[in-house]
Amino acid sequence: MARWKQSWSDDDLNRLRALAGTKPITMIAKELGRTTGTVLAKAIEQKLPVMHRIERTSQGSNLP
């Protein structure tokens, strides 16, 4: 069965609680072997702090 179809175990939830707010969701998702969307949804459902990594480009670098 695909990992994203599996329910969350107590161990997975404990790991999510421990990592929430300390790392970006993308990194937590990789550690848990789940998609970013499922981890984000579960974190919001559990009212856990969420970190997003925002990548910014330097201004004007893509202008002609």
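This is a predicted model, so every value here is computed, not measured. (Residues numbered from 1 in each chain as written. Predicted model: local features only at pLDDT ≥ 70, side-chain atom pairs only at ≥ 80, totals over all residues. Heavy atoms only, no water.)

On to the overall build of the protein chain. Within the protein chain one finds three helices and zero strands. Within the span of the protein chain, comprising 64 residues, buried residues form 25% of the whole. The long-range fraction of contacts in the protein chain, counting pairs at least 24 apart against all pairs at least 6 apart in sequence, stands at 54%. In the structure as shown, the protein chain presents an accessible area of about 4,900 Å², 53% of it carried by carbon and sulfur atoms. (Helix = DSSP H or I, 4+ residues; strand = E, 2+ residues; numbered from the N terminus. Buried < 20%, exposed > 50% of the residue type's maximum accessible area, 1.4 Å probe, protein only. Contact = heavy atoms within 4.5 Å. Areas by Shrake-Rupley, 256 points an atom, 1.4 Å probe, with all protein chains shown as cover.)

A few words on the nonpolar core. Formed by Trp8, Leu13, Leu16, Leu19, Ala20, Ile25, Ile28, Ala29, Leu32, Val39, Ala43 and Leu48, the largest nonpolar core amounts to 12 residues. Taken together, the elements giving at least two residues each to this core come down to α1 (10-19), α2 (25-32) and α3 (36-45). It is α2 that provides the largest number of residues to this core, a total of four residues. Each residue touching Ala20, except ones within four places of it in the same chain, is listed here: Ile28, Leu48 and Pro49. (Core = buried A, V, L, I, M, F, W, Y, C linked by side-chain atoms within 4.5 Å.)

We now examine the packing of α1 against α2. Contact geometry for α1 and α2: axes closest at 11 Å, N-to-C directions at 155°. With respect to α2, the element α1 is oriented roughly antiparallel. The handedness of the crossing between α1 and α2 comes out as right-handed. Here Asp12, Arg15, Leu16 and Leu19 of α1 come into contact with α2, specifically with Ile28, Glu31 and Leu32. (Axes fitted to C-alpha atoms, helices over the stretch in contact; angles between N-to-C directions. Parallel < 35°, antiparallel > 145°, perpendicular 65-115°, else oblique. Left-handed = near helix turned anticlockwise from the far one by under 90°.)

This part is about the environment of Thr26. Positionally, Thr26 belongs in helix α2. Distance from Thr26 to Thr36, taken between C-alpha atoms, is 5.6 Å for residues 10 residues apart in sequence.

This next bit is on the side chain of Lys42. For Lys42, the position within the fold is in helix α3. When near neighbours in sequence (up to four residues on either side) are disregarded, Lys42 contacts Trp8, Leu13 and Leu16.

For the rest of this paragraph, the subject is the pattern of salt bridges. Summed over all chains, the structure comprises three salt bridges. The partner of Arg34 in a salt bridge is Asp12, with the nearest N and O atoms 3.1 Å apart. Of this pair, Arg34 sits in the loop between α2 and α3 while Asp12 is found in helix α1, placing the two residues 22 residues apart along the sequence. Using a relative accessible area of 7% as the deciding quantity, one classes Asp12 as buried. (Salt bridge = Lys/Arg side-chain N within 4 Å of Asp/Glu carboxyl O.)

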